[in-house]
Amino acid sequence: EKTSLDFLKQLNIGDVSQAVCTGQEWYGSQDNGQYDSYSPVDGKKIGSVRKASKADYEKLITTAEHGFDHWRRLPAPKRGEIVRQIGNKLREYKDPLGKLVAYEMGKSLQEGLGEVQEMIDICDFAVGLSRQLHGLTMHSERPNHRMYEQWHPVGLVGIISAFNFPVAVWSWNSMIAAVCGDVSIWKPSEKAPLSAVACFNVMQEVLKENQLPEGIFSLIVGDVPEIGETMISDRRLPLISATGSTRMGKRVGEVVGGRLGRSILELGGNNAIILTENADLKLAAPGIVFGAVGTCGQRCTSTRRLIIHESIYDKVKDMLVKAYSGLKIGSPLDESNHVGPLIDTDAVKAMQDAIQAAEKNGGTKVFGGDVLEGDGYESGCYVMPAIIEASNEMEIVQEETFAPILYLLKYSGSVNNAIALQNGVKQGLSSSVFTTDMRESEQFLAAWGSDCGIANVNIGTSGAEIGGAFGGEKDTGGGRESGSDSWKAYMRRQTNTINFGSELPLAQGIKFDI
Ligand code: UN1
């Protein structure tokens, strides 16, 4: 059966897209090669996007600098009004954009639509924020003096995003940056470039209707050495927000830090759910399964480890094997399926290697792990999610494998032993505990509890709302995006002291007469 590709027409995606967009204008080198985007759903080519050259990048930056000078002069609530219209445009195109995300990346249609919903939600959040970019006022120690702080835009913000959330992560950064008065330059993943092109096609109408200049929102598709490296070492970009592997993040942090720029890093996770003997297993089951197999295990918040009290270990194992046996795996565009494909065959290979390594380390596979073949699985990217009994010290358990592998770990004694296991990895993104005992949940949330950026009670590790700050500690990079006061990272703070008297007293009582 042929997948209906009407959504490509609705999103104005042609055979070959240009590499650069500065808002409405598209351009780019014609002879620097191109990315062909193949769908992991059916293995078919969806379209191509040209690769930008260094000259394209330079032209873009000049435009963005002009765009910034215009945009920063617009009152923040007026910038919010543009973001409000972008949010409404996304509402209009939610269906085709969600379908394209599902088709190009391979996540389920529900999750593709959910990802576009995250974009709409962050636009709404940013609109409200555009009237709340508050600073504080302080009392000056000097008579007839006033002291306060204000927040100004930082300038050009580079956004480097990953394939797994090909559009939402851009919106978390770009929409908050936009109300803050910044302009953004987005380098999307080369594994899902068409979803990025589609976002700009959708947004274009708003920019045009409002007669905005070029360079407020920009897109550049290109290679890491040519474009990614150029961005991170470019002093004209005071802030780089990067999502991806810890290896990539270390490189970004080092280069941006070397020029004393700022970075927001959203890197790998190794997220665990703790099931104590007081867990409500009915509540926990969907949280665990969605966390482990949703998005085919390719969220940075995916559940990778399940830390189970020994008294309920066998029961939980049986429950999970039963639940996994009922999983429907197939085209993510068919809403009755739970799990779609991995992003590509390299990811399939990485999953197979991880399972082998786990078995070599002494782990026991209790379910799944096979590569699926036959009707509907022609792309070679479909796998059966795996459950492996393991222990926390195993090298492979310490690593993030971007695939649906769930490691079962056993603990005995108090919840503090489980928390020690949960914290006993290099990463620190998301964590959760299922318990109906408030003493256990409060231990988990205490200063000596979970060391992660996200710690949940009776909710899984994935599927965070946009209203909270998103990000994590240790090898996860320390950055925070999206809600709460994450906006502060996109602005520079200025402290202002104003003397409205006729004397010039110095602070700290210093006398200096001339
Ligand atoms: C990511 O995987 O990079 O919390 C982001 C979640 C989503 C975002 C994940 N809202 O699972």
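As the structure is a computational prediction, the values presented were derived from the model and not from experiment.

Caption draft 1: Region of interest: the overall build of the protein chain. When its secondary structure is counted, the protein chain shows 15 helices and 24 strands. Considered along the principal axes of its C-alpha atoms, the protein chain spans approximately 80 × 60 × 35 Å. Relative to its 514 residues, the protein chain shows a buried fraction of 53%. In the protein chain, the share of contacts with a sequence separation of at least 24, taken over all contacts with a separation of at least 6, comes to 73%.

Caption draft 2: Representation of the site of the ligand in the model. Close contacts around the ligand come from Glu118, Asn164, Phe165, Val169, Thr243, Arg299, Cys300, Thr301, Ser462, Gly463 and Ala464, and that covers them all. Of the residues in the shell around the ligand, the class split is four nonpolar, five polar and two charged.

Caption draft 3: Fine view of the sheet that holds strand E7 (residues 145-153). The three strands are arranged E6-E7-E24 in an open sheet whose pairing can be described as antiparallel. Strands at the two margins of the open sheet, each flanked by one partner only, are strand E6 (137-138) and strand E24 (491-499). Here E6 runs beside E7; their pairing, made up of two bridges, is antiparallel. The partner of threonine 137 across the bridge, within E7, is tyrosine 148.

Caption draft 4: Quick look at the pairing of strand E11 (residues 239-243). Taken across its five residues, E11 has five buried, putting it largely inside the fold. Both faces of E11 are covered, namely the face carrying Leu239, Ser241 and Thr243 and the face carrying Ile240 and Ala242. Judged from the four bridges that link them, strand E8 (residues 156-160) and E11 form a sheet pairing that is parallel. Its bridge partner being in E11, isoleucine 160 is matched across the sheet by alanine 242. Regarding topology, helix H9 (residues 246-258) serves as the crossover connection from E11 to the parallel strand E12 (residues 262-266), and that connection is right-handed.

Caption draft 5: The packing of helix H3 (residues 76-92) against helix H6 (residues 168-180), seen in detail. Two numbers describe how H3 lies on H6: the axes approach to 7 Å, and their chain directions differ by 150°. By the angle class used here, H3 and H6 are roughly antiparallel. Across the interface between the two elements, Ala76, Arg79, Gly80 and Val83 of H3 pack against Met175, Ala178 and Val179 of H6. Here the contact of H3 with H6 is built from residues that sort into five nonpolar, one polar and one charged.

Caption draft 6: Broad picture of the packing of helix H14 (residues 415-423) against helix H15 (residues 438-445). Remark: H14 packs on H15, axes separated minimally by 10 Å, with the N-to-C direction vectors making an angle of 30°. Relative to H15, the element H14 lies roughly parallel. Classified by chirality, the crossing of H15 by H14 is right-handed. Here Val415, Asn416 and Ile419 of H14 come into contact with H15, specifically with Glu440, Gln443 and Phe444. Its residues assigned to classes, the contact of H14 with H15 comprises three nonpolar, two polar and one charged.

Caption draft 7: Inspection of the UniProt feature "active site" (unreviewed entry) in the protein chain at higher detail. With numbering matched to this structure, UniProt assigns "active site" (unreviewed entry) to Glu266. Relative to the helices and strands, glutamate 266 resides in strand E12. In this view, glutamate 266 contacts Thr243, Cys300, Gly471, Gly477, Gly479 and Glu481; residues no more than four positions away in its chain are not counted.

Caption draft 8: Spatial organisation of the pairing of strand E10 (residues 217-220). In E10, alternate side chains face the same way, and those of Phe217 and Leu219 on one face and Ser218 and Ile220 on the other are all buried. Of the pairings in the sheet, the one linking strand E2 (residues 20-21) to E10 comprises two bridges and is antiparallel in character. Bridge pairing in E10 places valine 20 opposite isoleucine 220. With three bridges connecting them, strand E9 (residues 183-187) and E10 associate as parallel partners. Among the inter-strand pairings, serine 184 is bridged to a residue of E10, identified as phenylalanine 217.

Parameters at a glance
- Residues numbered from 1 in each chain as written.
- Predicted model: local features only at pLDDT ≥ 70, side-chain atom pairs only at ≥ 80, totals over all residues.
- Helix = DSSP H or I, 4+ residues; strand = E, 2+ residues; numbered from the N terminus.
- Buried ≥ 20, exposed ≤ 12 C-beta atoms within 10 Å, placed from the backbone.
- Contact = placed C-beta atoms within 7 Å.
- Near = placed C-beta within 6 Å.
- Nonpolar A, V, L, I, M, F, W, Y, C, P; charged D, E, K, R; others polar.
- Pairing = 2+ DSSP bridges.
- Right-handed = clockwise from strand over helix to strand, strands pointing away.
- Axes fitted to C-alpha atoms, helices over the stretch in contact; angles between N-to-C directions.
- Parallel < 35°, antiparallel > 145°, perpendicular 65-115°, else oblique.
- Left-handed = near helix turned anticlockwise from the far one by under 90°.
- UniProt positions renumbered as here; feature names shortened; annotations may be inferred.

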